[in-house]
Each structure stands twice: as structure tokens, then as C-alpha cells.
Amino acid sequence: TIGPIIPPSIPMVIYALVSGTSVGALFLGGVVPGLLMAAVLMLTVQWIAVRRGLPREEPVPRGQRWAALRGGLLPLSLPVVLLGGLYSGAFTPTEAAVAAVAWALFLGFVWYRTLTVRMLVKISMETIETTASVLFIVAAASIFAWVLTTTQVTEAIAQWVLSITDDKWVFLILVNLFLLFVGCFMETIAAITILVPVLLPIAIKLGIDPVHFGLVMVLNLMIGLLTPPVGMVLFVLAKVSRLSVEETVRAVIPWMIPLLATLAIITFFPGLVLWLPGLLYP
């Protein structure tokens, strides 16, 4: 849930593609909400650990901390390469992807020497499969969006929503409830590509910034990954922990509270999202 909020983020790239919003602005907009999510989730970890009396481990010696940090500096520098190149204008988002792949290949083949040609072929085939499925979804959703636009369905929906309320805060509450429901049944990228052409024009008419709306939408759909019946993360957690899906759902419930609290905060305090983009994209 937190990964696609802190840049780089595939759902944000898809949202930018569909909405025409700046990828860089979206990435910057996710920094503060991502840190906020990290804070509330860490507090939740602490609360659960204390409440359940979980054992404490011995503190890691300072020397080992620096050794671990040095060992992870190069992999952790990947976001720096991506964001630094984007914001400095050194390369476009597409070129940034190439730079990221080149850096990862260098680390795998040359620096750590843990990557083999056979592994690279396997990873490449998995990537091709994933990319192809995403592009098919994007292509189908683009056609769907064109049909909605040419038939003026989006305009009709906008007028219907505006006849109910012209208050942007009420609209955002309704959108949150709707997206939380959608997230229970629809895959993230499909939901973004299908719903953005319908909802974003209404949001813009009500004076909601597209970057703010994008973060609200992505976070809603990330929470949807934890909700039954088709939450993808639920099934992964159940498999890894060797629990039933029902047991996993019960275990996940306490974590929904900080996530929903973060969603409410970034919904009603758009400045948290727009502060950093406003500095570089005035």
C-alpha cells in the first residue's frame, strides 16, 4: 500500500498517462503522504507489539549499522537516479526507466555479481508478460474513454453529480467511498484507466487539483489491495503466512485504521500533497 505512494510509482505513471498530469508533480506529491503513512504504520507496529507483549531483540551494534547502510547505499540510490534525472531535466520518464534498468543491471552483473544470464531471461519474460497485460488494459481503457467522451457520457455524469452537490469536500467523500468499494473488485491499473476520464473532469470543475485527486485515487486503490473478495495483497499474505484468507482478513483489520486515517488527512488537507510540487512546478 505504501510502495506506490512513495515515488517511483507505476499507478501514478498510469494516472499521469490517462489524465495528462505531470509525472514529476505526482511523484513529488507522494513524498509527504508516503512519509505520513510510514509514521502512522510505525506507530501501529509499536502499539501492536506493546499490546501483545512481543519480545524485543538486542540493539544492533553501531558498527554493524554502518556496515549494513554502506551495503545498501547503491541499491537505495536507484530512486535518487530516477528522481534526480527527472527533476534536473536530464531525461524523460521513459528514459528514466531505461536508466533504472541500466543501473540495476550494473549492480546485479558487475557490483554484486548475483545476477546470471538465465535469471535475466526469466525476469525479462515475466516483465514482458506484465507489461503486455498492462498495455492491453490501457489500450482497452483508452477506447472506452474515447467512447465515453464522444457520447458525452462523462458530461452527463458530471451534470448528475453536480446536481447532487457542488461542494468539493462532499464530492471527495463520495469519491473515497466509491473508490474503496471499487478497490474490492477491480485491479488498480484497470480502475485508474477506466475511472479517471469519468471522475477527473468533475474534480477539475469543482476546483480540485489533478495532482491531489491522483494521490487520493491511488491511495484508495492501494487500500483496496487489502480488502476482500479480490484484494491481491490478501492472497499473497495468506500464502506467505500459511493462513487462510479469512484469518488474514482478520489480521489485516487493525492496519486499515492508520491507512484510512492517512486517506482522510490527505483528502481534507491537500496542502500536504501540493506543497512539494508547488516548489518545483509553480
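Attention here is on the structure that accompanies the text. A quick note: this is a predicted structure, and the numbers were derived from the prediction, not measured.

**Some details on unusual backbone geometry**
Positive phi values are uncommon outside glycine, yet Arg113 reaches one of about 55 degrees. In this structure, Arg113 sits in the loop between α6 (93-111) and α7 (117-150). We classify Arg113 as exposed; its relative accessible area is 69%. Non-glycine residue Arg242 carries a positive phi angle of around 60 degrees. Inspection of the secondary structure puts Arg242 in the loop between α12 (232-241) and α13 (245-268). On the basis of relative accessibility, which here comes to 78%, the residue Arg242 falls in the exposed class.

**Focus on the pattern of salt bridges**
One pass over the structure, following the stated rule, counts one salt bridge. Taking the shortest distance from any N to any O, the salt bridge between Lys122 and Glu126 comes out at 2.7 Å. With Lys122 and Glu126 both in helix α7 and four residues apart, this pair spans about one turn of that helix. The class of Glu126 is partly exposed, set by a relative accessible area of 40%.

**Looking at α6**
Given 3.6 residues per helical turn, the α-helix brings residues three or four places apart onto the same face. Taking 1.5 Å per residue as the helical rise, α6 with its 19 residues ought to reach 27 Å, and the 25 Å between its terminal C-alpha atoms agrees with that figure. Within the span of α6, buried status applies to Ala96, Ala100, Leu107 and Gly108. Here the buried residues of α6 occupy an arc of 100 degrees about the axis, which is enough to place them on one side. With respect to the buried face of α6, the exposed residues turned more than 90 degrees away are Thr94 and Val98. Looking at the buried positions of α6, the neighbouring elements they touch are α4 (62-76) and α5 (78-88). Immediately beyond the C-terminal end of α6, within one or two residues, lies Arg113, with a positive phi of roughly 55 degrees.

**Things to note about the packing of aromatic side chains**
Summed over all chains, the structure comprises three aromatic pairs. Relative to Phe268, the ring of Trp169 has its centre 5.9 Å away and its plane inclined at 40 degrees; by these criteria the two rings are tilted. One end of the pair, Trp169, is in helix α9 (residues 168-183); the other, Phe268, is in helix α13, with 99 residues separating them in the sequence. Owing to a relative accessible area of 30%, Trp169 belongs among the partly exposed residues under this scheme. Seen in terms of ring centroids, Phe171 and Phe213 are 6.4 Å apart; in terms of plane orientation they differ by 15 degrees. Their pairing is stacked. Pair noted here: Phe171 is in helix α9 and Phe213 is in helix α11 (residues 210-224), with a separation of 42 residues, a long-range link. You'll find Phe171 and Phe213 in the same group, each marked buried.

The rules behind the values
Residues numbered from 1 in each chain as written. Predicted model: local features only at pLDDT ≥ 70, side-chain atom pairs only at ≥ 80, totals over all residues. Heavy atoms only, no water. Helix = DSSP H or I, 4+ residues; strand = E, 2+ residues; numbered from the N terminus. Buried < 20%, exposed > 50% of the residue type's maximum accessible area, 1.4 Å probe, protein only. Salt bridge = Lys/Arg side-chain N within 4 Å of Asp/Glu carboxyl O. Expected span 1.5 Å × (residues − 1). Arc of directions from axis to C-beta. Contact = heavy atoms within 4.5 Å. Phe/Tyr/Trp six-rings, centres within 6.5 Å; stacked < 30°, edge-to-face > 60°.

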